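The lines below spell out each chain.
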Amino acid sequence: MTSFLESMIARAKADKQTIVLAEGDDPRTLEAAETILAQDVANLIILGDVEGIKASGRNLEGAQLIDPRTSELAAEFADTFYELRKNKGMTPEKAAETVKDVLYFGVMMVKTGRADGMVAGACHATGDVLRPSLQILKTAPGVKLVSSFFIMVVPNCEYGQDGTFLFSDCGLEIQPDAEKLAHIAVNSAKSWKNLIGTDPVVAMLSHSTYGSAKNDDQAKVAQAAAIARELAPELALDGELQADAAMVPSVGASKAPDSKVAGHANCLIFPDLDAGNIGYKLVQRLAHAEAFGPVTQGIAAPVNDLSRGCVAHDIVGVIAITCVQAQAKKAAEAE
């Protein structure tokens, strides 16, 4: 177990949250749930066919098992969902049918305060996971868009924070414009601070460093960096920077000698989804890095999507991260 995952689990245990797992019919979810319950990391609500879940052979003592198709909560959730969406053409009949879906039911549990966060995506597409979240929970106050990130833990790596990085956006925004990219950077910095606890050092990545190439893609990243500095002038943030200039001290000193970020970045902001998704998968596979995510940021309450190629260990990590996000949300609301 990496020190990052150990930290997330320890923090989750210190202030237990209630997390709904929407995919109780997936064996990986139940294996992860067994681990979470055995280690007393979180309170769990597991959705799906209750008899099938009980027959899985997993020790899920302490978890609340709910079948949305037969739950007595369905009528309340249908009424609430109808009120939220009636101006969008929702009917009572359609609402009653929609909330029987495990993803909608799970998000309604978060909306009504019965759960602090939700984890799904092992057997659902990202769009299916996020659609009910945006329809029901919407974006957090002051947040322009929902994006995602991975925490990457690279073994035997001297860069970043002892090999730990945040990569964003690797899962949602396909071609963010400069303004969106700036908001992704600022939100990612907040996510780093909430999860890791140290100061973020944010690099806006490009194929160019400080105008070494001149084209529209380079200009977009440079503009995004300027907007991000206006949004959060206190951040250590710079761009545009090539990846080696962002991470490697000697290269950063050579290519951007006046930058406080170059050579020291721990938050890497990719210019588009192609770069981010390819980048994290290459690091995960070639460097044998652990990739925790995709973790969403910007939703009003923590709802996190899983890779459909995930294993139970990955789900355990995302559940712990979701707990820490929920703790941070409550702390912010208390201020």
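Residues numbered from 1 in each chain as written. Predicted model: local features only at pLDDT ≥ 70, side-chain atom pairs only at ≥ 80, totals over all residues. Heavy atoms only, no water.

A.B. asks: So what's going on with the overall build of the chain? Residues and values would help.
C.D. replies: Looking only at helices and strands, one finds 13 helices and 11 strands in the chain. Computed over the C-alpha atoms, the radius of gyration of the chain is 20 Å, within 12% of the 20 Å expected from 2.2 N^0.38 for a compact globule of 335 residues. Along the first, second and third principal axes, the C-alpha set of the chain runs to 65 × 45 × 35 Å. The contacts in the chain between residues at least 6 apart in sequence include a share of 70% that link residues at least 24 apart. For the chain, the accessible surface area stands at approximately 14,600 Å², while carbon and sulfur atoms represent 49% of it. Taken as two groups, the 30 positive and 43 negative side-chain charges of the chain have centres that lie 4 Å from each other. (Helix = DSSP H or I, 4+ residues; strand = E, 2+ residues; numbered from the N terminus. Rg over C-alpha atoms; globule rule 2.2 N^0.38 Å. Contact = heavy atoms within 4.5 Å. Areas by Shrake-Rupley, 256 points an atom, 1.4 Å probe, with all protein chains shown as cover. Lys, Arg positive; Asp, Glu negative; His and termini not counted. Charge placed at Lys NZ, Arg CZ, Asp CG, Glu CD.)

A.B. asks: Hey, could you go over the nonpolar core for me, with residue numbers and the actual values?
C.D. replies: Within the largest apolar cluster, 60 residues are counted, with the highest numbers of intra-cluster contacts made by Leu44, Ile151 and Met204. The contact partners of Met204, leaving out residues within four places of it in the chain, are Leu181, Ala185, Val221, Ala224, Ala225, Leu237, Asp238, Gly239, Glu240, Leu241 and Ile269. Core analysis: the next-biggest nonpolar cluster, separate from the first, contains 31 residues, Val20, Val99, Leu137 and Val303 among them. (Core = buried A, V, L, I, M, F, W, Y, C linked by side-chain atoms within 4.5 Å. Buried < 20%, exposed > 50% of the residue type's maximum accessible area, 1.4 Å probe, protein only.)

A.B. asks: Residues and numbers for unusual backbone geometry, please.
C.D. replies: Between Ser168 and Asp169 the backbone carries a cis peptide bond, its omega angle lying at -10 degrees. Structurally, the position occupied by Asp169 is in the loop between β6 (164-168) and α8 (178-196). The omega torsion across Gly239 and Glu240 is 5 degrees, close enough to zero to call that bond cis. As for its placement among the helices and strands, Glu240 is situated in strand β8 (residues 236-241). One non-glycine residue, Lys138, lies in the positive phi region at around 65 degrees. Mapping Lys138 onto the fold places it in the loop between α7 (126-137) and β5 (147-153). Residues other than glycine seldom take positive phi values, yet His288 does so here, at roughly 55 degrees. Take His288: it is sitting in the loop between α12 (273-286) and β10 (290-297). A relative accessible area of 64% means that His288 is categorised as exposed.

A.B. asks: Give me the lowdown on the layout of surface pockets, citing residues and values where you can.
C.D. replies: The calculated volume of the largest pocket comes to roughly 720 Å³. Lining of the largest pocket is provided by 25 residues; of these, Ala140, Asn194, Ile299, Ala328 and Lys329 occupy positions nearest its centre. Mapped onto the lining of the largest pocket, the elements with two or more residues apiece are α8, β10 and α13 (312-334). For the lining of the largest pocket, the element with the most residues is α13, which contributes 6 residues. In terms of residue class, the lining of the largest pocket is built from 13 nonpolar, 8 polar and 4 charged. (1 Å grid on protein atoms, 1.4 Å probe; cavity = no way out; pocket = protein on both sides within 12 Å on 5 of 7 lines; lining within 4 Å. Points joined across faces, edges and corners; volume = space filled by probe spheres on them. Nonpolar A, V, L, I, M, F, W, Y, C, P; charged D, E, K, R; others polar.)

A.B. asks: Just give me the short version of the packing of aromatic side chains, but keep the residues and values in it.
C.D. replies: For the structure shown, the criterion picks out 6 aromatic pairs. Between Phe4 and Phe292, the ring centres sit 5.2 Å apart and the planes meet at 50 degrees, which makes this aromatic pair tilted. One end of the pair, Phe4, is in helix α1 (residues 3-14); the other, Phe292, is in strand β10, and 288 residues separate them in sequence. No difference in accessibility class separates Phe4 from Phe292, as the two residues are buried. On the basis of an interplanar angle of 20 degrees and a centroid distance of 3.8 Å, the ring pair of Phe150 and Tyr280 is categorised as stacked. Highlighted residues: Phe150 in strand β5 and Tyr280 in helix α12, separated in sequence by 130 residues. Accessibility assignment for this pair places Phe150 and Tyr280 in one class, buried. By the ring-pair criterion, three or more aromatic residues cluster together here, those being Phe165, Phe167 and Phe270. (Phe/Tyr/Trp six-rings, centres within 6.5 Å; stacked < 30°, edge-to-face > 60°.)

A.B. asks: Can you tell me about the sheet that holds strand β2 (residues 43-47), naming the residues and giving the values?
C.D. replies: Judged by pairing direction, the sheet is parallel, and its 5 strands sit side by side in the order β3-β2-β1-β4-β11 without closing on themselves. For this open sheet the edge positions go to β3 (64-66) and β11 (303-305), each flanked by a neighbour on one side alone. Within the sheet, the average angular offset between the axes of one strand and its neighbour, ignoring direction, is 20 degrees. Each of β1 (18-21) and β2 is contacted by helix α2 (residues 27-38), which is oriented at about 160 degrees to β2, the strand it contacts most. The sheet strands contacting α7 are β4 (117-120) and β11, and the helix crosses β11 at an angle near 165 degrees. (Pairing = 2+ DSSP bridges. Axes fitted to C-alpha atoms, helices over the stretch in contact; angles between N-to-C directions.)

A.B. asks: Help me get a handle on α12, residues and values and all.
C.D. replies: With 14 residues, α12 extends 19 Å from end C-alpha to end C-alpha; this agrees with the ideal 20 Å at 1.5 Å per step. Along α12, the residues that are buried comprise Leu273, Gly276, Gly279 and Tyr280. Looking straight down α12, one finds its buried side chains confined to an arc of 145 degrees; they lie on one side. What points out from α12, more than 90 degrees from its buried face, is the exposed set Asp274, Ile278, Arg285 and Leu286. Residues of α12 that are buried sit in contact with β5, β6 and β10. Measuring from the backbone nitrogen of Asp274 back to the side-chain oxygen at the start of α12 gives 3.2 Å, which picks out Asp272 as the cap. His288 sits one or two residues past α12 and shows a positive phi near 55 degrees. (Expected span 1.5 Å × (residues − 1). Arc of directions from axis to C-beta. Polar contact = N/O pair within 3.5 Å; in protein donor to acceptor, adjacent residues only side chain to side chain.)

A.B. asks: Give me the lowdown on the sheet that holds β8, citing residues and values where you can.
C.D. replies: Read from one edge to the other, the open sheet built from 6 strands follows the order β8-β7-β9-β6-β5-β10, with strand pairing classed as mixed. Strands with a single pairing partner mark the edges of an open sheet, and in this sheet they are β8 and β10. This sheet shows a mean twist of 20 degrees between the axes of neighbouring strands, independent of strand direction. Pairing of strand β7 (residues 201-205) with β8, which is carried by 5 bridges, proceeds in the parallel orientation. What sits directly across from Val201, in β8, is Ala236. Those strands touched by helix α9 (residues 216-231) are β7 and β8, and its axis lies near 170 degrees from that of β8.

Everything listed here is a matter of geometry and, on its own, says nothing about what the molecule does.
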